[in-house]
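Architecture and fold: a report
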Amino acid sequence: LWWGQRTTTVDRLEIQTWSRCQWPTTNSADDIYFPRGTFLPDEVRERGLSKTYSGVLAAMHEPPLSSTMDGEVEFYRFTWLRAFHPQVVVRVWRSGRERCLTVKQIERKYVNGETAYPEGFQVNATRSLREDEWNDFKEHLNRGHFWSLPTVDGRPLANDGAFWVMEGVRDHKY
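The structure reproduced in this document is the subject of the present report. Here the residue numbering is sequential within each chain, running from 1 through the sequence in written order. In view of the model being predicted, local features appear only for residues whose pLDDT reaches at least 70, and side-chain atom pairs are presented and counted only at 80 or more, with totals across whole chains, interfaces and linings using the full set of residues. Here the side-chain values reflect all heavy atoms present in the structure, with hydrogen atoms and water set aside.

This part covers helix 2 (residues 131-143). Secondary structure elements are taken from DSSP: a helix is a run of H or I of four residues or more, a strand is a run of E of two residues or more, and numbering for both begins at the N terminus. Expected span of a helix, by definition, is 1.5 Å for each gap between consecutive residues, and there is one gap fewer than residues. In this model, helix 2 (13 residues) spans 18 Å end to end at C-alpha, consistent with the 18 Å of a helix rising 1.5 Å per residue. By the burial criterion, the buried members of helix 2 are Trp134, Lys138 and Leu141. Looking straight down helix 2, one finds that the buried residues subtend no more than 55° of arc, so they occupy a single side. In helix 2, the exposed positions that point more than 90 degrees away from the buried face belong to His140 and Arg143. Should any heavy atoms of two residues lie within 4.5 Å, those residues are counted as being in contact. In this structure, the buried residues of helix 2 make contact with strand 3 (73-81), strand 4 (87-95), strand 5 (98-106) and strand 9 (163-169). Residue burial is assigned from relative accessible area. The probe radius is 1.4 Å, only protein chains are included, and a residue is buried under 20% of its type maximum, exposed over 50%, and partly exposed in between. Comment: arc refers to directions from the helix axis out to C-beta atoms.

The next subject is the pairing of strand 5. With 8 of 9 residues buried, strand 5 lies mostly within the body of the structure. A pair of strands is treated as paired once DSSP finds two or more bridges between them. Relative to strand 5, strand 4 runs antiparallel, the two sharing 9 bridges. Residue pairing across strands places Trp93 opposite Cys100, the latter belonging to strand 5. Taking the residues that link successive antiparallel strands as the turn, the strand 4-strand 5 hairpin has 2 residues, and the phi of Gly96 there is positive, at about 65°. Relative to strand 8 (residues 123-128), strand 5 runs antiparallel, the two being bridged by 6 bridges. Along strand 8, the bridge assignment pairs Cys100 with Ser128.

Time to look at the sheet that holds strand 8. Spatially, 8-5-4-3-9 is the arrangement adopted by the 5 strands of the open sheet, whose pairing is antiparallel. Each edge of the open sheet is held by one strand with a lone partner, namely strand 8 and strand 9. Mean inter-strand twist for the sheet, computed between neighbouring axes without regard to direction, equals 10°. Bridge count for strand 3 against strand 4 is 8 bridges, and the pairing is antiparallel. The residue of strand 4 that forms the bridge with Arg77 is Arg91. Comment: axis = line fitted to C-alpha atoms, over the contacting stretch for helices; angle = value between 0 and 180 degrees taken between N-to-C directions. Strands in contact with helix 1 (residues 43-59) are strand 3, strand 4, strand 5 and strand 9; relative to strand 3, the strand with the most contacts, it is inclined by about 110°. Each of strand 3, strand 4, strand 5, strand 8 and strand 9 is contacted by helix 2, which is oriented at about 65° to strand 3, the strand it contacts most.

Structure follows, in structure tokens:
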């Protein structure tokens, strides 16, 4: 939990932060990042991408979904895995009357052909959201039919480039 105001820059976008936000749950050794079957019927995505995405989220000290399934927390996370630039996570959540935004950015390194994430973030900022900002965000999700979209779009995976993952948890639903 931290207090204060500062400006953080992510890819030339300045974010004013002022926060009393604290993630409302704790992590345990049994946590999972994606419920089993999330990427099915595509077995390649189910096995490979789930492991890759989970590795990035763990390196970024992101909370697993299993820590948010209690129904009290509404949670959305955008993970932007880029081939030639730092990895980015944007998390928006509500717990009770508190609404928050977290932005994280971490550099990826390759050591002996393996992906490694050094300790420390390039960006790690959290701020409270006003009620109108939360309502705007939710309206964009509704207009995009977020909760009725398929989890996997069925298109072939690219060999290079960026991957986007948008997740949500509300009312015990992933």
